[in-house]
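Chain by chain, the residues:
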Amino acid sequence: RARWREYPGGPQRARHFARKIDAERHLVQVQHQLMSGTYVTPEAGRITVSEFAAVRLARQPWRPSTGEAAGKAFVHVLRRFADRPLVSLRKGDVQAFVTGLDMRASTAALVFQHLNSLLEAAVEDGLIARNPARGVKLPALPAGEVIPPTIEHVEELIHRAAAFARALRDH
């Protein structure tokens, strides 16, 4: 039986093992995690992605338009991971999710950005030990062809800008 406390005077935790050596190894691992600041209580990571996303979206000081955009991005995240506990997510799961998104690469990058920030907040809140989205490769953005404006287009822009500036000055 391995017993430990998460902090001095805190509640005692225990876990049973068939062999004494396994209990000792577990205690060494827990002590290392406690000292390095990576210890996560077993209950903490059981919160689901949808539960934590609701909490995170509610506490963000975003403008309404940013909150709406984040909500739209989380629709895709929750469609895939809603009922999954945070602690169950692996890098491979996140990579498969990003790779499987059927949308433009820039939109997929935005969805990933919101998922990554959610998982980073979970790390900061002590719900998971590490962010499984770290190091995930995003779809390549297509390199668009650069077409410089013609001289006629530039002259037209200058002419319109001058007319606009004149109209502003006169009012």
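In this text, all values refer to a predicted model and were calculated from it rather than measured experimentally. (Residues numbered from 1 in each chain as written. Predicted model: local features only at pLDDT ≥ 70, side-chain atom pairs only at ≥ 80, totals over all residues. Heavy atoms only, no water.)

Some remarks on the nonpolar core
One finds Val77, Leu86, Val94, Phe97, Leu115 and Leu119 to be the most contacted residues of the largest nonpolar core, which totals 26 residues. Of all the elements in the fold, those that place two or more residues in this core are helix H2 (49-59), helix H3 (64-81), helix H4 (91-100) and helix H5 (105-124). At eight residues, the largest contribution of residues to this core is made by H5. Look past the residues within four positions of valine 94 in its chain and what remains in contact with it is Phe81, Phe112, Leu115, Leu119, Pro132, Ala133 and Val136. Core analysis: the second largest hydrophobic core is formed by five residues, Ala2, Trp4, Val30 and Tyr39 among them. (Core = buried A, V, L, I, M, F, W, Y, C linked by side-chain atoms within 4.5 Å. Buried < 20%, exposed > 50% of the residue type's maximum accessible area, 1.4 Å probe, protein only. Helix = DSSP H or I, 4+ residues; strand = E, 2+ residues; numbered from the N terminus. Contact = heavy atoms within 4.5 Å.)

Quick notes on H4
Helical geometry note: an α-helix holds 3.6 residues per turn, so side chains three or four residues apart project in the same direction. Listed as buried for H4 are Val94, Phe97 and Val98. Here the buried residues of H4 occupy an arc of 95° about the axis, which is enough to place them on one side. Exposed and facing more than 90 degrees away from the buried side of H4 are Thr99 and Gly100. For H4, the elements touching its buried residues are H3 and H5. (Arc of directions from axis to C-beta.)

Some remarks on the pattern of salt bridges
Under the definition given, this model contains eight salt bridges. Lysine 20 is paired through a salt bridge with glutamate 24; the nearest N and O atoms lie 3.8 Å apart. One end of the pair is lysine 20 and the other is glutamate 24, both in helix H1 (residues 20-36) and four residues apart, which spans about a single turn. For glutamate 24, a relative accessible area of 37% gives the class partly exposed. Close ionic contact of arginine 160 with glutamate 156 constitutes a salt bridge, the shortest N to O distance being 2.5 Å. One end of the pair, arginine 160, and the other, glutamate 156, are both in helix H6 (residues 151-170), four residues apart, so they sit about a helical turn from each other. For glutamate 156, a relative accessible area of 35% gives the class partly exposed. A single network of salt bridges, built from pairs that share partners, joins Arg19, Asp22 and Arg25. (Salt bridge = Lys/Arg side-chain N within 4 Å of Asp/Glu carboxyl O.)

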